[in-house]
Amino acid sequence: MANIELQEKIIALIEENLKLPAGTITPDTQIADVEEWGSLEHVMIIGELEQRLGVSIPLDDAFELTSMEELLEKAGCL
Amino acid sequence: MGEQGTGRRIALLSNVNMNAVIRTLQKDAEVYEAEGYGNELGILMNPASSYHVFASEITFLVIDLMELLEHELDEESAKVRVEDWFAGFENAMTPDGIYYISDVYLWGLEAETADALVSRTRLEGIWESELRELCRHHANVRILPYHHMVACLGEENAFSPKMWYMGRILLSGEAGKRLAALILQKVILESRTPKKVLALDLDNTLWGGLAGEHEHTPIVLSEEHTGLAYKNLQRVILQMQRQGVLLVIISKNNAEDAEKILQGHPHMVLRAEHFAAKRINWNAKNENLEEIAKELNLGLDSFVFWDDNPQERLLVQETLPMVTVPEFPDKPEELASAMTKIYGEYFQKAVLTAEDLDKTKQYADNEARGRLQRSVGSFEDYLEKLQIVITRVDAAEHLNRLADMLNKTNQFNLTTRRHDLSEVQSMVQDRGKRVFLYRVEDCFGDNGVVAAAIVDVTGEIPVIEEFVMSCRVMGKNIEQGIVSDVEESLRQEGFGRVRGIYISTAKNKPVADLYRQLGYREVAGQADFGAMGKVYEISLDKVPTRGFQGVIR
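In this text the structure is predicted, and so the values were computed from the model without any measurement.

*Asks:* Would you explain the sheet that holds strand 8 (residues 275-280) of chain B in this entry?
*Replies:* The strands making up a sheet associate through backbone hydrogen bonding, with each pair oriented either parallel or antiparallel. All names here are of chain B. Taken together, the four strands give an open sheet; going across it, the order is 8-7-6-9, and neighbouring strands pair in parallel fashion. Only two strands of the sheet have a single neighbouring strand rather than two, namely strand 8 and strand 9 (303-306). With strand direction ignored, the average angle separating the axes of adjacent strands in the sheet is 20°. Pairing geometry for strand 7 (residues 246-251) and strand 8, over five bridges, is parallel. Along strand 8, the bridge assignment pairs Leu247 with Phe275.

Structure (structure tokens):
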């Protein structure tokens, strides 16, 4: 899968989980700025990325993420 | 709240993190926001907990067995932990709530090792047998089929190790959604009135092709291809029948052709005895439906009509709008699954009582009783030949049935006051009430538990507050035997008089004159029974001889 394609899928999955309209989340988004992105949602997103897209973000890193940029990097898109 | 929002208040308690499921449920119901997880019994036991303030009507307990066992997988210690949990639950539960407790799916990586795999079903079985035992003793506890849900989805899709490590969230997003759907389905089941009768067409419905044309084309019903699709449909319908759905045939055929298939076709799963009534003729189907409703003594609003012919469906929809008319699938391979959907949507009940399991036979027995009535001379001779035996049974052992009767009986119901299960349970336990419940048998078979009377004995004169009887045993003077039994029991307690109440409704006219016929006289009405209420009284010293023939024990 081309990285850009995977990136789009990741963003779509996150928007779906947070019930946000398409286009809300971008590679520049800071997690803290998204009100809907709480700790429960964060766990659900990491779990769904693995189960639905096969994207495994290492457990230790998963808690440290603060931005989409970091998330996409750990997911191997950047 | 969503469209199907049932207005019920529910709670989901667990020993693992279920916050995501709770959040999903909140779209459709009022859900208790648990404070954390793993203290499910503590929350139940503490009368001051926010759970009790919330006042949940239906409480779901989904328990992860591995967590409960704390990874101790030997059977002895598992037994102790599981028994402790159930003892704690039984101690904490109240009779006025409904509880769904999950069966379990033992999941954990050590359970994957070969040795543990062997004992896994046994460990789950320890939980399951305790759960079944609990349900036997408490009519308000039911099983939530969690294991089946996980099995359908598959372990690898249902559980997420990563989410577990991150936040003790056991279920994947998809599994969480399915659990929420399962819970909502149960909430809806608890709230709706199920249908009772499935009216079926024959040609191109129960089998493919047309009966009576066998010389040119035999009907399609076999062990292969399209014939198997029809046979599997019949298997689904037979299972529904065994669970209390009454089947009737409404079909345009030569009766002889259809009967030949019903009795003799080697691949028919459904046979004549599975049907409570039949109309195989060329009359309009709406007229046949009306006749059958009358014959079975059931309202047309409890009928579901299934026919492959869209014109027949339209006719029934137009002429009898209270009958439910589901769509019919285009492809035979979809027949069986369409029927399971119809079962879930219209017929499924929260709990099955012993009476449900035997319903068709009871109605079919009634037909035999009717034939006897025609073959003997007088009504008295008929009653004598019936050899009726009325047996008083312990109400505490038939709470669901008692609640069922109080809430669903319309015709032979003297007051039509509805009581939910918890009220019924407390009436049975109330020292100020006498609850009389009766089984009725005769020479054709067991009618089941079909009559109940509840007497309030707190005043100087006891009052028969509720008196209900199933319509299928009406017209045999059974009510006379029952009232005599109630009166005798009260007389033995030292009471000199008894009162009965009649509150008129649109449907209970058949019993409007009951107490007068039993020798009671009307006394000044009491305000608390409303404008439609009448009060009757009899002196227990002067109870008249009545026309009941049979034995009461």
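*Asks:* Before we go on, may I ask you to explain the nonpolar core in this structure?
*Replies:* A general feature of soluble globular proteins is that nonpolar side chains tend to end up buried together. Residue and element names in this part refer to chain B. Counting 72 residues, the largest nonpolar core has Leu12, Val21, Leu25, Phe60 and Val62 as the members making the most contacts within it. By residue number, the principal contributor to this core is helix 10 (residues 173-191), which donates six residues. Look past the residues within four positions of Val62 in its chain and what remains in contact with it is Leu12, Ser14, Met18, Ser102, Leu144, Tyr146 and Leu179. With 45 residues, the next largest nonpolar core counts Leu406, Val468, Val486 and Ile501 among its residues.

*Asks:* Hey, could you run me through the pairing of strand 14 (residues 497-503) of chain B in this one?
*Replies:* Regular strands have side chains that alternate between both faces of the sheet. Residue and element names in this part refer to chain B. Counting buried positions along strand 14 yields five of seven residues, so the element is predominantly enclosed. Where strand 13 (residues 463-469) lies against strand 14, two bridges are found, and the strand directions are parallel. Bridging from a neighbouring strand, Ile464 pairs with Gly500 of strand 14. A crossover links strand 13 with its parallel partner strand 14, the connecting element being helix 20 (residues 478-492), and its sense is right-handed.

*Asks:* Hey, could you run me through helix 18 (residues 399-408) of chain B in this one?
*Replies:* Residue pairs spaced three or four apart in an α-helix point in one direction, given the helix's 3.6 residues per turn. Residues and elements named next belong to chain B. Taking burial as the measure, the 10 residues of helix 18 include eight buried ones, the bulk of the element. Every buried residue of helix 18 is listed here: Leu399, Asn400, Arg401, Leu402, Ala403, Asp404, Met405 and Leu406. The secondary structure elements touched by the buried residues of helix 18 are helix 19 (421-429), strand 11 (433-442), strand 12 (445-456) and strand 13.

*Asks:* What's the story with the interface of chain A and chain B in this structure? I'm lost.
*Replies:* The extent of an interface is frequently quoted as the accessible surface area lost upon association of the parts. Counting residues at the interface gives 10 residues for chain A, matched by 12 residues for chain B. At the level of secondary structure, the elements contributing two or more residues to the side of chain A that touches chain B comprise helix 2 (39-53) and helix 3 (59-62) of chain A. At eight residues, helix 2 of chain A tops the list of elements feeding residues into the side of chain A that touches chain B. The residue inventory of the side of chain A that touches chain B, partitioned by class, reads six nonpolar, two polar and two charged.

*Asks:* Even after reading the chapter, I still don't get unusual backbone geometry, so can you show me in this structure?
*Replies:* It is generally the case that most residues other than glycine have a negative phi and that most peptide bonds are trans. The phi torsion at His71(B) lies on the positive side, around 65°, for a residue other than glycine. Looking at where His71(B) falls in the secondary structure, it is placed in the loop between helix 4 (65-69) and helix 5 (75-92).

Rules used in this analysis
- Residues numbered from 1 in each chain as written.
- Chains lettered and ligands numbered in written order.
- Predicted model: local features only at pLDDT ≥ 70, side-chain atom pairs only at ≥ 80, totals over all residues.
- Pairing = 2+ DSSP bridges.
- Helix = DSSP H or I, 4+ residues; strand = E, 2+ residues; numbered from the N terminus.
- Axes fitted to C-alpha atoms, helices over the stretch in contact; angles between N-to-C directions.
- Core = buried A, V, L, I, M, F, W, Y, C linked by C-beta atoms within 7 Å.
- Buried ≥ 20, exposed ≤ 12 C-beta atoms within 10 Å, placed from the backbone.
- Contact = placed C-beta atoms within 7 Å.
- Right-handed = clockwise from strand over helix to strand, strands pointing away.
- Nonpolar A, V, L, I, M, F, W, Y, C, P; charged D, E, K, R; others polar.

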